[in-house]
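A look at the structure
Residues per chain are reported as follows:
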Amino acid sequence: MSEPDRHLPPAGDADAEKAITAAAAGSASFDQIGAAKALLRATRFGSLGTLDSENAPYTSLVNVATDIDGAPVILISRLALHTKNILRDSRVSLMLSHVGGGDPSAHPRISIKGRASLTTDENSRRRFLARHPASAGYATFADFGFYRIEPESAHLVAGFGRIFSLRAEAFMTDLTGAEAIVAGEAGAVAHMNEDHADALELYAVKLLGLEPGAWRATGIDPDGLDMMLGDKTARLSFPKAAGGTSLSLRGVLKDLAQEARRVA
């Protein structure tokens, strides 16, 4: 029995049979990679699972951002139990979910398995604080540090009958040949916020169907653009990965702005 099938209701009547058939068809055409990337890039907090001194599971709430390749980044204190656990055993699990109205279990979520380690990379710090500006007040405290979670695999539950196990390379962003985009990301984000605020709002309203407002860019990578309005987040996925130069990235963003202006 395949993994998605185990999460379907038991057969036995016509309605159940119809549900099974519809779920199987939906799973075959469902973009699990796109869903995994969207959850990873757009979720601001999650449940962090670590192993305590007795090798028992411990779960805590953490704020989350992503590195440019999609690896989760968290800011935690050495005084916290989850940090002590990580320093003893780096294996972690991170569950991310977009919970709206209705039954919480009906909303998509992803559980990422990997290893966490302290990072001093300035880009990791910048991207986290862009997503969580209120954290700047304690990010400089001596006991706090940024930790990058290196994913190994993920388990995606994207709705009824849509259950997928994914290897990390399937949902991480490939940075091969994108050195120019990585090096210029901070400048590109600043440029979009300072000179193209109108385009950011167009992306949000016309292409993503979100509310108007002063949307700001928080990160750019070859696969897409991350934005925020207050506490709301959005992910604009590119139709295809941007090429390896900043010029190709500008071309993608320009084309998307033109497309947004054509939308009624």
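Residues numbered from 1 in each chain as written. Predicted model: local features only at pLDDT ≥ 70, side-chain atom pairs only at ≥ 80, totals over all residues. Heavy atoms only, no water.

Regarding the layout of surface pockets
A volume near 330 Å³ is recorded for the largest pocket. Every residue lining the largest pocket is counted, 19 residues in all, and those nearest its centre are His191, Met192, His196, Arg250 and Leu253. Of all the secondary structure elements, the ones that give two or more residues to the lining of the largest pocket are helix H6 (179-195), helix H7 (197-207) and helix H8 (246-262). Ranked by residue count, the leading element in the lining of the largest pocket is H8, at eight residues. Looking at the lining of the largest pocket residue by residue, the class counts come to nine nonpolar, five polar and five charged. Roughly 160 Å³ of internal volume is contained in the second largest pocket. Residue lining of the second largest pocket: Ala42, His98, Leu208, Leu210, Glu211, Trp215, Lys232, Thr233, Ala234 and Arg235, and that is the complete set. Ranked by the residues each element gives to the lining of the second largest pocket, the list is headed by strand S11 (residues 232-237), at four residues. Across the lining of the second largest pocket, the residue classes tally to five nonpolar, two polar and three charged. (1 Å grid on protein atoms, 1.4 Å probe; cavity = no way out; pocket = protein on both sides within 12 Å on 5 of 7 lines; lining within 4 Å. Points joined across faces, edges and corners; volume = space filled by probe spheres on them. Helix = DSSP H or I, 4+ residues; strand = E, 2+ residues; numbered from the N terminus. Nonpolar A, V, L, I, M, F, W, Y, C, P; charged D, E, K, R; others polar.)

A look at unusual backbone geometry
Phi is positive for Asn55, close to 65 degrees, though the residue is something other than glycine. Residue class for Asn55 comes out exposed when judged on its relative accessible area of 53%. (Buried < 20%, exposed > 50% of the residue type's maximum accessible area, 1.4 Å probe, protein only.)

Topic: empty space enclosed by the protein
A complete count under the given rule lists one cavity of 30 Å³ or more for this structure. If you add up the space inside the largest cavity, you get close to 50 Å³. Considering the residues around the largest cavity, the lining is formed by Ala65, Thr66, Arg127, Arg131, Thr218, Gly219 and Asp226. Looking at the lining of the largest cavity, the elements with two or more residues in it are strand S3 (65-66), helix H4 (122-131) and strand S9 (216-221). Among the residues forming the lining of the largest cavity, the class breakdown is one nonpolar, three polar and three charged.

A look at the environment of Phe238
As for its placement among the helices and strands, Phe238 is situated in the loop between S11 and H8. Sequence separation between Phe238 and Leu256 is 18 residues; the distance between their C-alpha atoms is 8.3 Å. Setting aside residues up to four positions removed in sequence, Phe238 forms contacts with Asp221, Pro222, Asp223, Gly224, Leu225, Leu249, Val252, Leu253 and Leu256. (Contact = heavy atoms within 4.5 Å.)

Details of the sheet that holds S11
Across the sheet, which stays open at both edges, the three strands sit in the order S9-S10-S11 with antiparallel pairing between neighbours. Because the sheet does not close on itself, it has two edges, and the strands there are S9 and S11. In this sheet, adjacent strand axes meet at a mean angle of 20 degrees when their direction is disregarded. As judged from the six bridges shared by strand S10 (residues 224-229) and S11, these two strands associate in the antiparallel manner. Counted as the bridge partner of Met228 is Thr233 from S11. Contacts between H7 and the sheet are confined to S9, S10 and S11, with S10 contributing the most and set at about 90 degrees to the helix. (Pairing = 2+ DSSP bridges. Axes fitted to C-alpha atoms, helices over the stretch in contact; angles between N-to-C directions.)

A closer look at the pattern of salt bridges
Taken as a whole and assessed by the stated rule, the structure comprises 15 salt bridges. Among the salt bridges present, the one from Arg44 reaches Asp231, with a minimum N-O distance of 3.9 Å. Of this pair, Arg44 sits in the loop between helix H2 (32-42) and strand S1 (45-51) while Asp231 sits in the loop between S10 and S11, placing them 187 residues apart in sequence. Residue Asp231 is classed as exposed on the basis of its relative accessible area of 64%. Its salt-bridge partner being Arg148, residue Glu150 comes within 2.9 Å of it at the nearest N-O pair. Since its relative accessible area comes to 38%, Glu150 is described here as partly exposed. (Salt bridge = Lys/Arg side-chain N within 4 Å of Asp/Glu carboxyl O.)

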